[in-house]
Amino acid sequence: MSSEAPQQNVLFILSDEHNPKIAGCYGHGFVQTPNLDALAASGTRFTSAYCNSPICVPSRASLATGRYVHQVSCWDNASPYTGTPKSWHALLSQAGVDVVSIGKLHYRGGDDYGFTEELDPLHVVGGVGDLKGLFRKELPKKAGTADLARDAGRGASTYSQYDERIARTARDWLHARAKGEHARPFVLFVSFVMPHFPLIAPEACYDLYADLDLGALTYGLDAPPPDHPTLNRMRGYFDYDTHFDDETRAVALRAYFGMVTRLDQLAGELIGTLRETGLGASTSIVYASDHGDNLGNRGMWGKSVMYEDSVGVPLILSGEGVPEGAVVDTPVSLLDIAPTMADLTGVNDESEDYPGQSLRAIANGADPDRVAFAEYHASGSDTGQFMVRQGRWKLVWYIGARPQFFDLIDDPEERKDLGLDPRHAGKIAEMNQLLLTICNPDEVNARAFADQKELIRSHGGRDVIERSADIPFTPAPSTSANA
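Caption draft 1: Spotlight on the overall build of the protein chain. Counting secondary structure elements, the protein chain contains 16 helices and 16 strands. Over its C-alpha atoms the protein chain spans a radius of gyration of 21 Å, differing by no more than 12% from the 23 Å that the globule rule assigns to 483 residues. The dimensions of the protein chain, computed from C-alpha atoms along their principal axes, are 60 × 50 × 50 Å. Residues classed as buried in the protein chain amount to 61% of the 483 residues present. Excluding contacts between residues fewer than 6 apart, the proportion of contacts in the protein chain whose partners are at least 24 apart in sequence is 75%. Counting 43 positive and 65 negative side-chain charges, the protein chain places the centres of these two groups 3 Å from one another.

Listed below in structure tokens is the structure:
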């Protein structure tokens, strides 16, 4: 698990819903992310990075444990992480590392997650989360989808205010740490909420993009809706796109880009604080997001599908023993964060047997033929979805529906679904065998539905849940659910 580089502290910056395309270092033509760009220049940028489930709660449970979603049974936004199985936070803290979280966690809340400090956390609503997302076969009408377009624009939101507070708390923590006498290494896990919707950007950041027309704003986000039975159904449920016209679409994209820029500024403040305090030389930096956002591409907003906009994430590593200015195409995922943290801090507990691998090792050339895997068992999908990526090829396997298959070298925008092309039948079968080495999709799908059925029953049944309040997004601490 470990490499030859010396033990480091770690600053781990996590954002929420950052489409990997929307950053200068990832090739975007005009979105301003100078701090992330500089971080990438100082370290290694991973071009084929994924979350392990494109929705908040399962993705964060997988990130915390270094395990696949089907291994931890955190299927959806009503099945939050409870501290079991053991997190990398617990592994490191038990080994003498101070592991401090500031900001969004999206766990159940009230459990022991292994942190030495847990500051200003955001957890699922009421320790329960979004129960209505458990209804997958007979979908209710999705409430509040018009709000995404209606609310978009410039201004302050509870999320941007929360992120300001998170950054301020993190800066204060670093200053205090630098002044004290501490023999123990640390991991500071700073978890922002932007650019998660509502699509409201601080005015100065919004205005950076105010003069751009819709054609410029949608460049790279203009693929037509796919004709696939599962995706057609999901697009009908998550019908956000039907509420947009050209004007509101432009406003929404300007706001999203503005939030990405504001996130970049806050990340830059933290990185600058490392330098100011003298902690920079001894601290590695990781930047990632918990999943992406479709941003209207293919008629979809939010996440929940296996296109790169949604399941892909930006991922950058900088620090001792990491190649500078490097770009690595080897598939990686958030599952690799757990062994990375152990490696960077010098904690070498091989008993954990993580399925992932340290990103530092991968940055130095390890395992170029490895497979990245994601799965989805949550809101809007009447079937389990499974993704495997190896090299140029990407397979999306649906239980009970036809697969999708993409060549991401020839078709990086995923406009040409080769899933029914007989010329690729052999490669599809080969990729399906790779999937079967990770899990049995039919068994996992059945187990997810059985667990969700039991959760519905334990909360009073469908009728009771349908009468409960909608949760358009998890509110920031000290705000109401509809703020």
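Caption draft 2: Spotlight on unusual backbone geometry. Of the consecutive residues Met194 and Pro195, the connecting peptide bond is found in the cis state with omega at 5 degrees. Within the secondary structure layout, Pro195 lies in the loop between β7 (186–191) and β8 (200–201). A cis amide bond links Phe197 to the next residue, Pro198, at an omega of 15 degrees. Assignment of secondary structure puts Pro198 in the loop between β7 and β8. Of note in this structure, Ser73 is not a glycine but carries a positive phi near 60 degrees. Relative to the helices and strands, Ser73 is located in the loop between α3 (69–72) and α4 (88–94). Located in the positive-phi region is Arg298, a residue other than glycine, with phi close to 65 degrees. Along the polypeptide, Arg298 turns up in the loop between β9 (283–289) and α11 (308–311).

Caption draft 3: Structural view of the sheet that holds strand β13 (residues 372–376). With antiparallel pairing, the four strands of this open sheet are ordered in space as β13-β14-β15-β16. With one partner strand each, in any of the chains shown, β13 and β16 (401–407) form the two edges of the open sheet. Taken pair by pair, the neighbouring strands of this sheet meet at an average axis angle of 10 degrees, ignoring direction. As paired strands, strand β14 (residues 385–390) and strand β15 (residues 393–398) are joined by six bridges and run antiparallel to one another. Residue pairing in the sheet places Phe386 in a bridge with Trp397 of β15. Sheet strands in contact with helix α14 (residues 425–438) are β13, β14, β15 and β16, and its direction is about 70 degrees off that of β15.

Caption draft 4: Just the sheet that holds strand β2 (residues 44–46), in detail. Pairing is mixed in the open sheet, where eight strands are placed in the order β5-β4-β7-β1-β9-β10-β2-β11. The open sheet has two free edges, formed respectively by β5 (117–122) and β11 (326–328), since each of these has just one partner strand. With strand direction ignored, the average angle separating the axes of adjacent strands in the sheet is 15 degrees. Inspection of the sheet shows strand β1 (residues 9–15) paired to β9 by seven bridges, in the parallel sense. What sits directly across from Asn9, in β9, is Thr283. Sheet strands touched by helix α6 (residues 158–179): β4 (98–104), β5 and β7. Its angle to β4, the strand with the most contacts, is close to 160 degrees.

Caption draft 5: Quick peek at the pairing of β4. Counting buried residues along β4, seven of its seven residues qualify, which places the element largely inside the surrounding structure. In this sheet, β5 lies alongside β4 in parallel orientation, the contact comprising four bridges. Its bridge partner being in β5, Val100 is matched across the sheet by Glu117.

Caption draft 6: Representation of the environment of Asp111. As for its position among the elements, Asp111 is in the loop between β4 and β5. A relative accessible area of 22% places Asp111 in the partly exposed class. Between the C-alpha atom of Asp111 and that of Thr82, which follows or precedes it by 29 residues, the distance is 6.0 Å. Sequence-distant contacts of Asp111, that is, excluding residues within four places in its chain, are made with Tyr81 and Thr82. There is a polar contact of 2.9 Å between the side chain of Asp111 and the side chain of Arg108. At 3.0 Å, the side chain of Asp111 forms a polar contact with the side chain of Tyr113.

Caption draft 7: Representation of helix α2 (residues 56–65). Counting buried positions along α2 yields 10 of 10 residues, so the element is predominantly enclosed. Listed in full, the buried residues belonging to α2 are Cys56, Val57, Pro58, Ser59, Arg60, Ala61, Ser62, Leu63, Ala64 and Thr65. If you follow the buried residues of α2, they end up packed against β1, α3, α4, β4, β7 and α12 (337–345). The first or second residue beyond α2 is Gly66, which carries a positive phi of 70 degrees.

Caption draft 8: Structural view of the nonpolar core. Ranked by size, the top nonpolar core spans 123 residues in total, and within it Phe12, Phe46, Trp88, Leu92, Leu188, Leu199 and Ile337 carry the most contacts. Top element by residues in this core is helix α10 (residues 246–276). It accounts for 15 residues. Core analysis: the next-biggest nonpolar cluster, separate from the first, contains 18 residues, Trp75, Trp393, Val444 and Ala448 among them.

Rules of the game
Residues numbered from 1 in each chain as written. Predicted model: local features only at pLDDT ≥ 70, side-chain atom pairs only at ≥ 80, totals over all residues. Heavy atoms only, no water. Helix = DSSP H or I, 4+ residues; strand = E, 2+ residues; numbered from the N terminus. Rg over C-alpha atoms; globule rule 2.2 N^0.38 Å. Buried < 20%, exposed > 50% of the residue type's maximum accessible area, 1.4 Å probe, protein only. Contact = heavy atoms within 4.5 Å. Lys, Arg positive; Asp, Glu negative; His and termini not counted. Charge placed at Lys NZ, Arg CZ, Asp CG, Glu CD. Pairing = 2+ DSSP bridges. Axes fitted to C-alpha atoms, helices over the stretch in contact; angles between N-to-C directions. Polar contact = N/O pair within 3.5 Å; in protein donor to acceptor, adjacent residues only side chain to side chain. Core = buried A, V, L, I, M, F, W, Y, C linked by side-chain atoms within 4.5 Å.

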